[in-house]
Protein chains: 2
Amino acid sequence: MRWTMSSDRVPEAWYNVVPHLPEPLQPPLHPGTREPVTPDLLTPLFPMALIRQEMSAETYIDIPGEVLDILRMWRPTPLIRARRLEQALDTPARIYFKDESVSPAGSHKPNTAIPQAFYNKAEGVKRLTTETGAGQWGSALSYACSLFDMECKVYMVRASYEQKPYRRVMMETWGGEVVPSPIDQPDHPGSLGTAITDAVRDAVSRDDSHYSLGSVLNHVLLHQTVIGLEAREQLQLAGEEKPDLVIGCCGGGSNLGGLALPFVADPDVELLAVEPSSCPTLTEGKFEYDFGDSAGMTPLLAMYTLGHDFIPPSIHAGGLRYHGDAPIISNLVKAGRMRATAYPQGKVFEAAIQFARTQGPIPAPETAHAIRATIDEAIRAREEGQERVILFGYSGHGLLDLQAYDDYLAGKLEDV
Amino acid sequence: MRWTMSSDRVPEAWYNVVPHLPEPLQPPLHPGTREPVTPDLLTPLFPMALIRQEMSAETYIDIPGEVLDILRMWRPTPLIRARRLEQALDTPARIYFKDESVSPAGSHKPNTAIPQAFYNKAEGVKRLTTETGAGQWGSALSYACSLFDMECKVYMVRASYEQKPYRRVMMETWGGEVVPSPIDQPDHPGSLGTAITDAVRDAVSRDDSHYSLGSVLNHVLLHQTVIGLEAREQLQLAGEEKPDLVIGCCGGGSNLGGLALPFVADPDVELLAVEPSSCPTLTEGKFEYDFGDSAGMTPLLAMYTLGHDFIPPSIHAGGLRYHGDAPIISNLVKAGRMRATAYPQGKVFEAAIQFARTQGPIPAPETAHAIRATIDEAIRAREEGQERVILFGYSGHGLLDLQAYDDYLAGKLEDV
């Protein structure tokens, strides 16, 4: 069963969790002075509207009408009960997933790409630069720029650029320009950190350009809260008062944050972050101030980090290969409000195949991390005889990741 | 804007257009005797439930509950108003599309794959064989078989098998087995006709197997009528009494039939079939009895045909490379109830890019044929100052067709 809502039920305001966090959020620091950053430091990169959102203490922030008109082309996204998966697991748990794969770019990423392009356009910016890992974010921003007649330059982590040629074609179909990162080291597999460095350098070198980030920052997680706000309403349509457990995969944290943040204020709702064992930021990183990029050009963020020079192995879940985590997510984990767990990619693809063969959809490797944890939690519910309501984020489809499935099915996947 | 409906609004009966055609449908003939086929001739290939549907004169046929439960995982599919495309074309036409790309297999094909697998399973069949052109149908049947724990063997037109390796991976992810056709001629590009021959030969050679066809036959078009039945209701939700014009791409005719047949009885609704110039069955074929496959093993069907030995060029819209058309579609065109038009693939990809850059979604090359015709009709509406309501079928996404987009964007597409 699916719960849909008509397009007039897209939330008209984003939910800002910052005033509701268990502990105050530590401010970003200037990379040179180590003093809290001021808005003027950020103006070469971001429009004022986004800088204000980044620092806002308001609980609700209105979504502009022009942004709503676009979101309504695919939102509200469906909430689906995974009954066939429940049956296969013989679990008393009720499993729901929020399907963000129905956006034109195939993931949750357009939820923030659209407002970012909108606010930049409104302030006269003609061109955006960005990084992309798996290609989901670069696709979303290329798409958003095509709607606002803006140029888009995407620095794509080289490992993904080579593994996923069709992601490049997708971005080019929307008019984006794509190059592998790091641009100056052709033998380097790259990471989100190196690609951020390339994109920031490009943006500050040109007057007509701004930089756009697909995760980590407060305003990005803010824009993603439409996911959780819709899911909360749809769960009620499905006859559930609330979820007992909310699960999301976590790279920078925007997918997880989008689904989970609207539930933070309810202490009965457990929150679970799932990450790859090969890039275990929340489970094995240190909570400290670190740079967002590999070259140390960005402000310092208070977050769980493996160090800004950490280069994870070239796993297929390219979107989870980030050395740090969103300050908001880090804050929640540090305060004990959110749990975190990690899986190697073999177990993750095993879950992806089980999901595809019971429910149908073929998930992105990133999304399959959340599915792995959901399956394990549903099995635990069976073993403990508990009727739990599990909500997980189906952040994107795997239709541009079929090489990974081919490797897994042929026994060629490196199980890191 | 989008019009969705809750999953309890999936139609509970299929619409059988046969008793409502402008002229009686000519029966299929035995390939040897040229006498009308009797059900017993078909039992080596199909279950009795489908044979009865193939020959039914009832207007409505109930959809089994178990089939409905599965369809409800993604149905009703959304009806979307393409406002941004309208604005780009500056047209007074109101353009709506019915989005079948949201199914797990990415097209309308599961609408019939699910009931076909269901009825075969119910009659004890353990294994299905089939052909696939672009891979959409093979994907859908592999998916359906995974849900019913059946084996699936797919003969894929060699040109597509080589152009689209990820379609094979998709089918294998659902547990299907895929081989290129014709199996005995490794240098032959294949066609739907050769692949049907391979699949039929396999099915009749094994007691545990039946054959499954993804288009052309009456029962296949019947199963697809959920598309048009939903669209009719959703158009009313959108405030439109009815469409003035219904447009669909046409290979075998199941996508077009699914959308258009529920509107046949209303003489005010114009119907338009769109096909590739390189395989112009309706626009340049002859209406006569011909075989469904290339080897002349199947019953003879009364249809528009280019001859069962016609091998079209290897265009990217592999799903439209069929030498004939559904007898129901042929009947409508012959009687003047439906128009047909044809486009070369360069014009088709130009339309696909315009759609992607205004609306967002990247269409399958097959679907882009309908988009091309829609754009031309919307321009005509502007030139004639007419406020027309155009409904077209968004039969599938192009995410497994990005090589074609790469070729087009690089100026390497052969414009046949």
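The sections below set out a description of the structure shown in this document. (Residues numbered from 1 in each chain as written. Chains lettered and ligands numbered in written order. Predicted model: local features only at pLDDT ≥ 70, side-chain atom pairs only at ≥ 80, totals over all residues. Heavy atoms only, no water.)

1. Notes on the packing of aromatic side chains
All names here are of chain A.
1) Next: Evaluation of the coordinates by the stated rule reveals 31 aromatic pairs over all chains.
2) Next: Seen from their ring centres, F349 and Y405 are 5.3 Å apart, and the 80 degrees between their planes marks the pair as edge-to-face. Residue F349 is found in helix α15 (residues 345-358), and its partner Y405 is found in helix α17 (residues 402-409); the two are separated by 56 residues along the sequence. Neither residue differs from the other here; F349 and Y405 are each classed as buried. (Phe/Tyr/Trp six-rings, centres within 6.5 Å; stacked < 30°, edge-to-face > 60°. Helix = DSSP H or I, 4+ residues; strand = E, 2+ residues; numbered from the N terminus. Buried < 20%, exposed > 50% of the residue type's maximum accessible area, 1.4 Å probe, protein only.)

2. Observations concerning unusual backbone geometry
Residues and elements named next belong to chain B.
1) Next: For the bond running from R75 to P76, omega is -10 degrees, close enough to zero to count as cis.
2) Next: Among the secondary structure elements, P76 is positioned in the loop between α3 (65-71) and β4 (79-81).
3) Next: Here R34, not a glycine, exhibits a phi torsion of approximately 60 degrees, which is positive.
4) Next: With respect to the element layout, R34 can be found in the loop between β2 (13-15) and α1 (39-42).
5) Next: Taking the relative accessible area as the measure of exposure, R34 reaches 47% and is therefore partly exposed.
6) Next: Phi angles above zero are rare outside glycine, and D149 is one such case at about 55 degrees.
7) Next: For D149, the location among the structural elements is in the loop between α6 (136-147) and β7 (151-157).
8) Next: Residue classification places D149 among the exposed positions, given a relative accessible area of 71%.

3. Quick notes on the packing of α15 of chain A against helix α16 (residues 365-383) of chain A
Residue and element names in this part refer to chain A.
1) Next: At their nearest, the axes of α15 and α16 sit 8 Å apart, and the two run at 85 degrees to each other. Considered as vectors, α15 and α16 are oriented roughly perpendicular to each other. Residues K347, V348, F349, E350, A351, A352, Q354 and F355 of α15 touch α16, and the partners they reach there are P365, A368, H369, I371, R372 and I375.
2) Next: A breakdown of the residues in the contact of α15 with α16 according to their chemical character gives nine nonpolar, two polar and three charged. (Axes fitted to C-alpha atoms, helices over the stretch in contact; angles between N-to-C directions. Parallel < 35°, antiparallel > 145°, perpendicular 65-115°, else oblique. Contact = heavy atoms within 4.5 Å. Nonpolar A, V, L, I, M, F, W, Y, C, P; charged D, E, K, R; others polar.)

4. Things to note about the interface of chain A and chain B
1) Next: If you look at the interface, chain A gives 42 residues, while chain B gives 42 residues.
2) Next: For R168 of chain B, the salt bridge identified is with D406 of chain A, shortest N-O distance 3.4 Å.
3) Next: The interface formed by chain A and chain B includes 23 residue pairs in polar contact (both at pLDDT 80 or more).
4) Next: Mapped by element, the contributors of at least two residues to the side of chain A that touches chain B are α6 (136-147), α8 (165-173), α15 and α17 of chain A. (Salt bridge = Lys/Arg side-chain N within 4 Å of Asp/Glu carboxyl O. Polar contact = N/O pair within 3.5 Å; in protein donor to acceptor, adjacent residues only side chain to side chain.)

5. Section: the pattern of salt bridges
All names here are of chain B.
1) Next: Tallied over the full model, the rule gives 48 salt bridges over all chains.
2) Next: Salt-bridge contacts for R75 lead to E230; the nearest nitrogen and oxygen are separated by 2.9 Å. With R75 in the loop between α3 and β4 and E230 in helix α11 (residues 226-237), this pair connects stretches of sequence that are 155 residues apart. Here R75 and E230 have matching classes, each one buried.

6. Quick word on the environment of I328 of chain B
Residues and elements named next belong to chain B.
1) Next: On the secondary structure map, I328 appears in helix α14 (residues 327-334).
2) Next: Classification of I328 as buried rests on a relative accessible area of 2%.
3) Next: For I328 and G257, which are 71 residues apart along the polypeptide, the C-alpha to C-alpha distance reads 8.0 Å.

7. Comments concerning the pairing of strand β15 (residues 389-394) of chain B
Residue and element names in this part refer to chain B.
1) Next: Within β15, six of the six residues are buried, which leaves the element mostly enclosed by the surrounding structure.
2) Next: Neither face of β15 is open: one carries V389, L391 and G393, the other I390, F392 and Y394, and all of them are buried.
3) Next: Sheet analysis places strand β5 (residues 94-99) next to β15, joined by six bridges and oriented parallel. Residue K98 lies in a different strand from β15, and its bridge partner there is G393.
4) Next: Where strand β10 (residues 245-249) meets β15, three bridges bridge the pair, whose relative direction is parallel. Bridge assignment links V246 to a residue of β15, and that residue is L391. (Pairing = 2+ DSSP bridges.)

8. Overview of the relation of the copies chain A and chain B
1) Next: You can overlay chain A on chain B at an RMSD of 0.0 Å; the transform is a turn of 180 degrees with a shift of 0.0 Å along its axis. The superposition of one copy onto the other is thereby described by a two-fold rotation axis.
2) Next: Comparing interface residues between copies, 100% of those in chain A also sit at the interface in chain B, which points to an isologous, same-surface contact. (Least-squares fit on C-alpha atoms with pLDDT ≥ 70 in both.)

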